[in-house]
Amino acid sequence: MAISTLGRPNGYTFESSREQLIPIHVVEAVGGTARRRWLQERVAKMAALEGDDTRTFVVSCDFDVAGPWAGAREFILSVFPDIAAQCPHLIDRHSFELTSAAPNLRRSLRVRNQTLTDAASGEEKVRAYPADRAWRNAHGLIDLLDSWKSETNTKSRWILACDDYDKAGTIGSYFFRELVRRRGNWLNLSLIVAVAPGKGKEISETFAIGHPITVTALKLTTETPVVYEKQEAERIAAEIEEIIAEDPIEKELHLHELIGLWEQAGRSDKVLQLRGAGVCIYFFAGLYKDALRCGDGLLEMAADYAPQDEALRREIVIRRLNALIGIQDAEACLQLIETEALKLADRAPVHWQADLFYLTAMVHARSICLSRRLSKRVTPKRNIIFNTCSIGTVSR
């Protein structure tokens, strides 16, 4: 076992809490049941040294298993019954954040003051939100926990272990970072995060400057992941799909489980369909980085599986371009436009061309540097459309 304490000159950019930040224990070990068992035993030993009312939580943060809110959803749902019983008004106040992180709560909670975009479904959803809207959902959940403990005067110790933290989604890892930064001391919280070997320093540097961070390297049993035979994976996936039918909540909850099963079954068509659905779900939730992660490799997959289906590739390009605009990555937008989008434009329907050049004009207008580069790289025909869109004479 090797232990080191890391300093972080390139620390977190948000302001630090005025109170002293809590220590964080980072564990490096090969993932699997052995590491999970070690975490469970570790938190149990820590709890034994605390009071009888100490609560322990061991959650998995793997994006590929449970999506963007992996870990955070499990943690929130574990305390949800207590909050609902003791402070139902807080559940009502934070219903939007709760249902954003835990879609299954949409069956029982009424979300007040929804916007038209929130209430719309399918093709009616046409508006994207600023990325900081999703960040506010994370902070709303932290406020919920803070208010609950304050109003009930709960002093119990919380010991939280996050397995697969290096595989967490953008919003999931953000929730835990901000939880310990803002309210780690007030919630009487201890945090352990488990990561793959060699990931400790990288993960430590994502937390706020001021956290005392200890990295421990463990040598645990290396395990072979459970992999189904193709026919068995297909059978299980088909059964799950039959059970969830057309239920949008169940589809979202089982999305990544199904992606994993269909990958093992070798069904690229199903994987392409489900990952495309995930991109749409996360995009309209304002989770742009998580949408981009879900959509990584989709263009290549579409080219291999359906090389003649340009409509599919055009849809993937537009979704990805919108997500990149959402995180204000103008350089990546330009690269996507030049390497993929413009190749599809000549044979595309006029309404798709209008969409593309509207978005291109948006990038052009927001970046002087990129606008100079774009003006040199587009053909005269495209430049005419581009400039027309940029002054607003062609609407979407």
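Cut-off values and rules
Residues numbered from 1 in each chain as written. Predicted model: local features only at pLDDT ≥ 70, side-chain atom pairs only at ≥ 80, totals over all residues. Heavy atoms only, no water. Helix = DSSP H or I, 4+ residues; strand = E, 2+ residues; numbered from the N terminus. Buried < 20%, exposed > 50% of the residue type's maximum accessible area, 1.4 Å probe, protein only. Contact = heavy atoms within 4.5 Å. Areas by Shrake-Rupley, 256 points an atom, 1.4 Å probe, with all protein chains shown as cover. Phe/Tyr/Trp six-rings, centres within 6.5 Å; stacked < 30°, edge-to-face > 60°. Salt bridge = Lys/Arg side-chain N within 4 Å of Asp/Glu carboxyl O. Lys, Arg positive; Asp, Glu negative; His and termini not counted. pLDDT = per-residue confidence, 0-100. 1 Å grid on protein atoms, 1.4 Å probe; cavity = no way out; pocket = protein on both sides within 12 Å on 5 of 7 lines; lining within 4 Å. Points joined across faces, edges and corners; volume = space filled by probe spheres on them. Nonpolar A, V, L, I, M, F, W, Y, C, P; charged D, E, K, R; others polar. Expected span 1.5 Å × (residues − 1). Core = buried A, V, L, I, M, F, W, Y, C linked by side-chain atoms within 4.5 Å. Pairing = 2+ DSSP bridges. Right-handed = clockwise from strand over helix to strand, strands pointing away. Axes fitted to C-alpha atoms, helices over the stretch in contact; angles between N-to-C directions. Left-handed = near helix turned anticlockwise from the far one by under 90°.

Asks: Can you explain the overall build of the chain? Please cite residues and give values.
Replies: Of the regular secondary structure elements, the chain holds 20 helices and six strands. Considering the chain as a whole, with its 396 residues, one finds that 48% of them fall into the buried category. Long-range pairs, those at least 24 residues apart, make up 75% of the contacts in the chain between residues at least 6 apart in sequence. For the chain, the exposed surface amounts to about 20000 Å²; the carbon and sulfur share of it is 51%.

Asks: Now, about the packing of aromatic side chains: what can you tell me, with residues and values included?
Replies: Overall, the coordinates contain 12 aromatic pairs when judged by the stated rule. Aromatic side chains Phe283 and Phe284 sit 5.1 Å apart centroid to centroid with 80 degrees between the ring planes, which places their arrangement in the edge-to-face category. For the pair formed by Phe283 and Phe284, the shared burial category is buried.

Asks: Which residues make up the pattern of salt bridges, and what are the values?
Replies: Taken as a whole and assessed by the stated rule, the structure comprises 23 salt bridges. In this structure, Glu232 and Arg235 form a salt bridge, with 2.6 Å as the shortest nitrogen-oxygen distance. Of this pair, Glu232 and Arg235 both sit in helix H10 (residues 230-244), separated by three residues, roughly a single helical turn. Given a relative accessible area of 31%, Glu232 falls into the partly exposed group.

Asks: An account of the side chain of Lys149 is requested, with residue identities and associated values reported.
Replies: Its place among the elements puts Lys149 in helix H7 (residues 132-152). The side chain of Lys149 is buried and forms no salt bridge, while Asp53, the nearest opposite charge, is found at 8.1 Å. Not counting residues within four places of it along the chain, the set of residues in contact with Lys149 comprises Thr154, Ser156, Trp158, Leu187 and Asn188.

Asks: Lay out the confidence of the model for the chain in plain terms, naming residues and giving numbers.
Replies: Residue-level pLDDT values for the chain average 86, and 86% of them are 70 or greater. Under a pLDDT of 50 for its full length, residues 378-396 has, in the predicted model, 23 contacts with residues more than four places off or in other chains.

Asks: Break down the layout of surface pockets for me, with residues and values.
Replies: In this structure, the second largest pocket occupies an estimated 940 Å³ of space. Along the wall of the second largest pocket there are 28 residues; nearest its centre are Asp62, Asp64, Val65, Pro225 and Val226. Breaking the lining of the second largest pocket down by element, the ones donating at least two residues are helix H1 (33-48), helix H2 (63-66), helix H12 (255-265) and helix H14 (288-295). Looking at the lining of the second largest pocket element by element, the count peaks at seven residues for H12. Among the residues forming the lining of the second largest pocket, the class breakdown is 10 nonpolar, eight polar and 10 charged.

Asks: Help me get a handle on helix H8 (residues 170-183), residues and values and all.
Replies: With 14 residues, H8 extends 20 Å from end C-alpha to end C-alpha; this agrees with the ideal 20 Å at 1.5 Å per step. Of all 14 residues that make up H8, 12 are buried, and the element is covered over most of its length. Ile171, Gly172, Ser173, Tyr174, Phe175, Phe176, Arg177, Glu178, Leu179, Val180, Arg181 and Arg182 are the residues of H8 that are buried.

Asks: How would you explain the nonpolar core if you had to name every residue and give the values?
Replies: Of all hydrophobic cores here, the largest spans 100 residues; its most connected members are Phe75, Leu145, Leu160, Phe175, Phe176 and Leu179. With eight residues, helix H17 (residues 330-345) is the single largest residue contributor to this core. Discounting chain neighbours no more than four positions away, the residues touching Leu160 are Phe57, Val59, Phe75, Phe176, Leu179, Leu189, Ser190, Leu191 and Ile192. Listed in part, the 12 residues of the second largest apolar core include Ala29, Trp38, Val58 and Ala161.

Asks: Which residues make up H7, and what values do they have?
Replies: Within an α-helix, residues lying three or four positions from one another point in the same direction, as the helix has 3.6 residues per turn. A rise of 1.5 Å per residue sets the reference length of H7, with its 21 residues, at 30 Å; its end C-alpha atoms lie 30 Å apart and thus fit the reference within 8%. Just past H7, the residue Asn153 takes up positive phi, approximately 55 degrees.

Asks: Lay out the pairing of strand S5 (residues 189-195) in plain terms, naming residues and giving numbers.
Replies: Counting buried positions along S5 yields seven of seven residues, so the element is predominantly enclosed. On S5, burial covers both faces: Leu189, Leu191, Val193 and Val195 on one face and Ser190, Ile192 and Ala194 on the other are all buried. Of the pairings in the sheet, the one linking strand S2 (residues 24-28) to S5 comprises five bridges and is parallel in character. If you follow Val26 over to S5, its bridge partner there is Val193. Examined bridge by bridge, strand S4 (residues 158-163) and S5 share five bridges and lie parallel to one another. In the strand pairing of S5, Ala161 is matched with Ile192. Once the chain exits S4 it traverses H8 before rejoining the sheet at S5, and the crossover so formed is right-handed.

Asks: Tell me about the packing of H10 against H12, and please be specific about residues and values.
Replies: Across the interface, H10 lies against H12 with an axial gap of 7 Å and an inter-helix angle of 145 degrees. Remark: the crossing between H10 and H12 carries left-handed chirality. Contacts between H10 and H12 pair Lys230, Ala233, Glu234, Ile236, Ala237, Ala238, Ile240, Glu241 and Ile244 from the former with Glu257, Leu258, Leu261, Trp262, Gln264 and Ala265 from the latter. For the contact of H10 with H12, a count of residues per class yields 10 nonpolar, one polar and four charged.

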